[in-house]
Amino acid sequence: MEKGHTELLSKDRQKEKSRVEKMNAADLVVRDVSVYNTVFRRFYPADVYILEGRIYSIDLKKERKMKADQILDGSGKLMVPGLIDIHMHIESSMMTPNSMAERLAQCGVTTVVSEPHEMANVNGLDGILDMMEAGKESPIDIYYGIPSCVPSTSSELETTGGVIGFEAMKELLKNPLVACMGEVMNYRQIIRENQLEISKMLDYLSEERPDIVVEGHCPSLLDLDLDKFIYLGIDSDHTEHNMEELKQRFFNGMFIEIQEKMLREEVLAFIEEHHLYGYFGFVTDDVMADTLMEQGHLDAVVRKAIRLGMSPECAIYHATFTNAMRMKFTDRTMLTPGKLADFVLLDELETFRIAATFKRGRCVYQRQDSKSDVCISRNRTGGSEFPESYRHTVHLPKAAEDLFSVYVPTESSNKVLVEVMVVSDGSTKTGRKQVWLPVKNGEIQWEDSPYLLAVVFERYGKTQKSGRKGFGNIGYGFVTGDLIKHGAAATTYAHDHHNLLAAGSNKKSLQLAVNTVIENQGGIAVTDGEEVKASLKLEIGGILSDAPAEQIGADLRRVREALCRQGYQHYNPIMSFCTLSLLASPALKISDKGIIDVAAGKAIPLVCGKEKK
């Protein structure tokens, strides 16, 4: 045998010996802990050994005395898998990726799939890649869904800062951080004859990558329309449903992602009656900064499920295992040998009280009043900076008061019949009504009516100047219902196009709110008369802030309180207001192109009738 070959064999034997020796020890052991077993959905007392970031052994007999570099006393603690949220949007928190990730670690979340279509609407493919770059030092795993609908409808209905087309989607598919196709939101257009970019992508996936998970968004779809949607390969939904809609989705084998607003006793009873435990998981979708800081994240959904009567063991199963299986995260489905050591130590099961969170066997969060020996190491990271250009994305001059005057031809009428969006507590969908408003000298007299003026300014500098004080597209509409009764609010956090949206009862309040947001280069402002009542600066792309999470949460809470003081009566006034521009949600919404009939998928005239002089 040649000498070189002999040396190679010797090295292989040494390597094998080293590997075997290493497997006789562990990096960490958690002793006397009550560990959750996903298969049986029960807790068992055990010693848990961890090696190189993975579960090595679960010793139910507590007889193995392997060496471990570090030892934790798990007495009185419960060990559960790290929570996995497969449908959420980092931008909804208004925090940078790392900042939000640190907060999520405090909530027991160790893996998320974020769909960055908000930033994509602001800055296209670069926006997505810069989100990924900004979160690369995250203490938890952040995967991404490819935004499938940017814009959420079409360029005929809304102007966005970026567009994601078929080629960009294919390019993103190569990225190792991509877990799925993000939610297909133009659900009514896609089941008709169309030339949508996502339709091209679905055809491509069907032929070339049938393994890719495709997420859905299809509120209200039923019967044949729903069948058509599923037939395209879109087999999940996370939106709000009545029981008939929910039944049809389960019947057709869709994976249902249940967020907090869908978590109702009747829903859980239906699941239990029909044993639908493999067909749903808990997600958050959108959690804003103040709610995130005060109530939590996916852990809050787990707690609510327990309060509604679901067993804690079952709630954990649907915040971990079913979600992991949906996204094919086979390395973290449960706490068994070979799986990632992503786990949470709980003090209490019923309240899901978190003592510490571990990612790949490293402590990334320890509650301050927990025992000092629980946390072995900390993983504190600073938020990565976005490029400077993200701080200059609101390309608008200051607004003059007369921009909030709505005109009709002077010879046309004394009254006009106008389309009105109707906001109702309990939903982010809007209703639709038509009302008569008086006209004086060609101007609609909305200030003296019970209806607010809603306005959307195209803020990316992409549309031709309209002649109104140097502005591009301006969409006008009216809104009423369970929202503010006096003053105004304005924001660039306007789903999904993120132009500058405003609504108010008078011109002065509207002017101040709009100009405050312009001056801040993005954010939210609530005004009344000539006074700013509350504001939040979102200087990164007009939708994020790199301020400390606590400050963002506090500022947003003040905005929420100001909206409520001015008459907003809604379970989530900020989301309700900010989705007046969401063209993927029924029934009437508004963009820089004007009032949009969501079901018809087209812009409609604001004035739909006139009373002749």
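Procedures and definitions
Residue numbers restart at each chain and count upward from 1, following the sequence in its written direction. Reporting of local features is limited, given that this is a predicted model, to residues whose pLDDT is at least 70; pairs of side-chain atoms are given and counted only at 80 or more, and all residues count toward the totals for whole chains, interfaces and linings. Values shown for side chains rest on all heavy atoms present in the structure; no hydrogens or waters enter the calculation. The helix count covers DSSP runs of H or I at least four residues long, the strand count covers runs of E at least two residues long, and both are numbered beginning at the N terminus. In short, DSSP must find at least two bridges between two strands for them to pair. Here, axes are lines fitted to C-alpha atoms. For helices the fit covers the stretch in contact, and angles between N-to-C directions go from 0 to 180 degrees. Exposure categories follow from relative accessible area, calculated using a 1.4 Å probe and restricted to protein chains: below 20% of the type maximum is buried, above 50% is exposed, and the middle band is partly exposed. In this description, contact between two residues means that some pair of their heavy atoms is separated by no more than 4.5 Å. Each salt bridge in this description consists of a side-chain nitrogen of Lys or Arg and a carboxyl oxygen of Asp or Glu lying within 4 Å of one another. A pair of aromatic rings is counted whenever rings of Phe, Tyr or Trp (Trp by its six-membered ring) have centres within 6.5 Å, and the orientation is called stacked for planes under 30 degrees apart, edge-to-face for over 60 and tilted otherwise. Definition used: whenever NZ (Lys) or CZ (Arg) falls within 6 Å of the ring centre and also within 35 degrees of the ring normal, the charge is taken to sit over that ring.

Draft legend 1. Quick look at unusual backbone geometry. Put simply, Val150 and Pro151 share a cis peptide bond, and its omega is 5 degrees. Residue placement: Pro151 occurs in the loop between β8 (141–146) and α4 (166–172). The omega torsion of the bond from Pro586 to Ala587 falls at -5 degrees, within 30 degrees of zero and hence cis. Within the secondary structure layout, Ala587 lies in the loop between α15 (573–578) and β26 (588–591). The backbone phi angle of Gln521 is positive, close to 55 degrees, even though this residue is not glycine. If you trace the backbone, Gln521 turns up in the loop between α13 (507–519) and β24 (523–528).

Draft legend 2. Fine view of the sheet that holds β26. Read from one edge to the other, the open sheet built from 3 strands follows the order β26-β27-β28, with strand pairing classed as antiparallel. On the outer flanks of this sheet lie β26 and β28 (602–604), each paired with one strand and no other. Taking the axes of each pair of neighbouring strands and ignoring which way they run, one obtains an average angle of 45 degrees across the sheet. In the sheet, strand β27 (residues 594–597) pairs with β28 via 3 bridges, with the strands oriented antiparallel. Residue Asp597 lies in a different strand from β28, and its bridge partner there is Lys602.

Draft legend 3. Focus on the environment of Val301. Relative to the elements of secondary structure, Val301 occurs in helix α10 (residues 298–307). Residue Val301 is classed as buried on the basis of its relative accessible area of 4%. Sequence spacing of Val301 and Phe282 is 19 residues, and the spatial spacing of their C-alpha atoms is 7.0 Å. Those residues in contact with Val301 that sit more than four places away from it in its chain are Ile258, Glu260, Leu263, Phe282, Val283 and Thr284.

Draft legend 4. How the structure looks around the pairing of strand β5 (residues 78–81). Here β5 shows no split at all, with Leu78 and Val80 on one side and Met79 and Pro81 on the other all buried. Where strand β1 (residues 25–37) lies against β5, 2 bridges are found, and the strand directions are parallel. By the bridge assignment, Val35 is partnered in β5 with Met79. One ladder, built from 4 bridges, connects β5 with strand β14 (residues 343–348); its direction is antiparallel. Within the sheet, the bridge partner assigned to Pro81 lies in β14 and is Phe343.

Draft legend 5. Quick look at α10. With 9 of 10 residues buried, α10 lies mostly within the body of the structure. Within the span of α10, buried status applies to Leu298, Asp299, Ala300, Val301, Val302, Arg303, Lys304, Ala305 and Ile306. Two residues or fewer past α10, Gly309 is found with a positive phi of approximately 110 degrees.

Draft legend 6. Representation of the pattern of salt bridges within the structure. The final tally for this structure, using the stated rule, is 35 salt bridges. Of the charged contacts, one joins Asp347 and Arg367 as a salt bridge, the two residues approaching to 2.6 Å between their closest N and O atoms. On the criterion of sequence distance, the pair formed by Asp347 in strand β14 and Arg367 in the loop between β16 (362–366) and β17 (415–423) is long-range, its members being 20 residues apart. Residue classification places Arg367 among the buried positions, given a relative accessible area of 13%. Residues Lys508 and Glu401 are paired through a salt bridge, measuring 3.4 Å at the closest nitrogen-oxygen approach. Of this pair, Lys508 sits in helix α13 while Glu401 is found in the loop between β16 and β17, placing the two residues 107 residues apart along the sequence. Looking at Lys508, the relative accessible area reads 42%, which means it is partly exposed. Assessed through its relative accessible area of 31%, Glu401 is described here as partly exposed. The structure contains a network of salt bridges with shared partners spanning Asp141, Asp331, Arg332, Asp342, Lys359 and Arg360.

Draft legend 7. Spatial organisation of the packing of aromatic side chains. Tallied over the entire structure, the rule returns 10 aromatic pairs. Between Phe404 and Phe457, the ring centres sit 6.0 Å apart and the planes meet at 85 degrees, which makes this aromatic pair edge-to-face. Residue Phe404 is found in the loop between β16 and β17, and its partner Phe457 is found in strand β20 (residues 452–457); the two are separated by 53 residues along the sequence. On the basis of relative accessibility, which here comes to 0%, the residue Phe404 falls in the buried class. For Arg41, the ring lying beneath its charged end belongs to Tyr317, and the centroid distance is 3.9 Å. Of note, Arg332 hangs over the ring of Phe329, and the distance from its end group to the ring centre comes to 5.3 Å.

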